[in-house]
Amino acid sequence: MGNRITRVYTRTGDDGTTGMADGSRVAKNSPLMAAIGDIDELNAVLGMLRAANQDGDVDAQLHAIQNELFSFGGELSMPEFQKLGKEQVHRIEAELDDLNECLSPLKEFILPAGSQQVALCHHARVVCRRAERSVCSLNPLPREELLSYINRLSDYLFVLARTIASRQGIDEVYWQP
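This structure is a prediction, so every number in the text was calculated from the model and none was measured.

Description of the packing of aromatic side chains
Turning to step 1, where the next piece is worked out: Under the defined criterion, the tally for this structure stands at two aromatic pairs.
Turning to step 2, where the next piece is worked out: Taken together, a centroid distance of 6.2 Å and an interplanar angle of 45° make the contact between Phe72 and Tyr149 tilted. With Phe72 in helix H2 (residues 56-77) and Tyr149 in helix H5 (residues 144-167), this residue pair connects regions lying 77 residues apart in the sequence. Both residues of the pair, Phe72 and Tyr149, count as buried.

Below, the structure written as structure tokens:
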């Protein structure tokens, strides 16, 4: 693969627009750019979680998700580019089921606390929920597979936070109403 970026700054965005893959320009504050930015932020938070994580299985799952999120952003910017499908949604569901199988039933609301990794995982979860809201605000809505993927991903991150706490031997922090 050749170099994709020859210069980091182009000055073309100084007018408040950004270039799309097809050469068109859109406002940087458009709903589409907000959604792409939220997906990018989620990917960065997952990178922070990976840097703090010591579990090889979790790291491999998060690495795959980071690549898929990059493809997700690509699909938002180029609708004809379709990389994510039902198989990625099913894989996240299977990983979620495997993680959830080892957890005790949840009886109370839990707070995003316990350890750095648990808190980072919850941070990723709430950024994921924001990204989902941004994606759902687009008109037209993206493909069903993208909506399913981002919805399952937030569920996965919640269960992953609980799993990390369990594997670290850390009690979950319950909400005290």
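Further notes follow.
Notes on the pattern of salt bridges
Turning to step 1, where the next piece is worked out: The final tally for this structure, using the stated rule, is 12 salt bridges.
Turning to step 2, where the next piece is worked out: One salt bridge in this structure joins Arg129 and Asp155, with 3.2 Å as the shortest N-O distance. Placement of Arg129 in helix H4 (residues 116-136) and of Asp155 in helix H5 is noted, with a sequence separation of 26 residues between them.
Turning to step 3, where the next piece is worked out: Under the relative-accessibility criterion, Arg129 is labelled partly exposed at 29%.
Turning to step 4, where the next piece is worked out: For Asp155, a relative accessible area of 29% corresponds to the partly exposed category.

Observations concerning helix H1 (residues 31-52)
Turning to step 1, where the next piece is worked out: The terminal C-alpha atoms of H1 lie 32 Å apart, and with 22 residues this matches the ideal 32 Å at 1.5 Å per residue to within 8%.
Turning to step 2, where the next piece is worked out: All of the buried residues along H1 are Met33, Ala35, Ile36, Asp38, Ile39, Leu42, Asn43, Val45, Leu46, Leu49 and Ala52.
Turning to step 3, where the next piece is worked out: Lining the buried residues of H1 we find strand E1 (17-19), strand E2 (25-27), H2, H4 and H5.

Description of a nonpolar patch on the surface
Turning to step 1, where the next piece is worked out: The grouping of Phe109, Leu111, Val173 and Trp175 at the surface amounts to a nonpolar patch, some 390 Å² of accessible area in total.
Turning to step 2, where the next piece is worked out: Its place among the elements puts Trp175 in the segment after H5.
Turning to step 3, where the next piece is worked out: Accessibility expressed as a relative area gives 42% for Trp175, which makes it partly exposed.

Examining the environment of Leu120
Turning to step 1, where the next piece is worked out: Note that Leu120 resides in helix H4.
Turning to step 2, where the next piece is worked out: Owing to a relative accessible area of 12%, Leu120 belongs among the buried residues under this scheme.
Turning to step 3, where the next piece is worked out: Sequence spacing of Leu120 and Gly47 is 73 residues, and the spatial spacing of their C-alpha atoms is 9.9 Å.
Turning to step 4, where the next piece is worked out: Beyond its immediate sequence surroundings of up to four residues, Leu120 is in contact with Val45, Met48, Leu49 and Ala52.

What about the packing of H2 against helix H3 (residues 86-101)?
Turning to step 1, where the next piece is worked out: Two elements in contact, H2 and H3, have axes separated by 12 Å at closest approach and are oriented at 155°. Taken as axis vectors, H2 and H3 run roughly antiparallel relative to one another. Where H2 crosses over H3, the handedness of that crossing is left-handed. From H2, Gln61, Ala64, Ile65 and Glu68 reach across to H3, where they touch Gln88, Arg91, Ile92, Glu95 and Leu99.
Turning to step 2, where the next piece is worked out: For the contact of H2 with H3, a count of residues per class yields four nonpolar, two polar and three charged.

As for the layout of surface pockets
Turning to step 1, where the next piece is worked out: Approximately 260 Å³ is the volume found for the second largest pocket.
Turning to step 2, where the next piece is worked out: It is H2 that contributes the most residues to the lining of the second largest pocket, three residues altogether.

Each value, and the rule that gives it
- Residues numbered from 1 in each chain as written.
- Predicted model: local features only at pLDDT ≥ 70, side-chain atom pairs only at ≥ 80, totals over all residues.
- Heavy atoms only, no water.
- Phe/Tyr/Trp six-rings, centres within 6.5 Å; stacked < 30°, edge-to-face > 60°.
- Helix = DSSP H or I, 4+ residues; strand = E, 2+ residues; numbered from the N terminus.
- Buried < 20%, exposed > 50% of the residue type's maximum accessible area, 1.4 Å probe, protein only.
- Salt bridge = Lys/Arg side-chain N within 4 Å of Asp/Glu carboxyl O.
- Expected span 1.5 Å × (residues − 1).
- Contact = heavy atoms within 4.5 Å.
- Patch = residues over 30% accessible without salt bridge, like charges linked within 9 Å, V, L, I, M, F, W, Y side chains within 5 Å.
- Areas by Shrake-Rupley, 256 points an atom, 1.4 Å probe, with all protein chains shown as cover.
- Axes fitted to C-alpha atoms, helices over the stretch in contact; angles between N-to-C directions.
- Parallel < 35°, antiparallel > 145°, perpendicular 65-115°, else oblique.
- Left-handed = near helix turned anticlockwise from the far one by under 90°.
- Nonpolar A, V, L, I, M, F, W, Y, C, P; charged D, E, K, R; others polar.
- 1 Å grid on protein atoms, 1.4 Å probe; cavity = no way out; pocket = protein on both sides within 12 Å on 5 of 7 lines; lining within 4 Å.
- Points joined across faces, edges and corners; volume = space filled by probe spheres on them.

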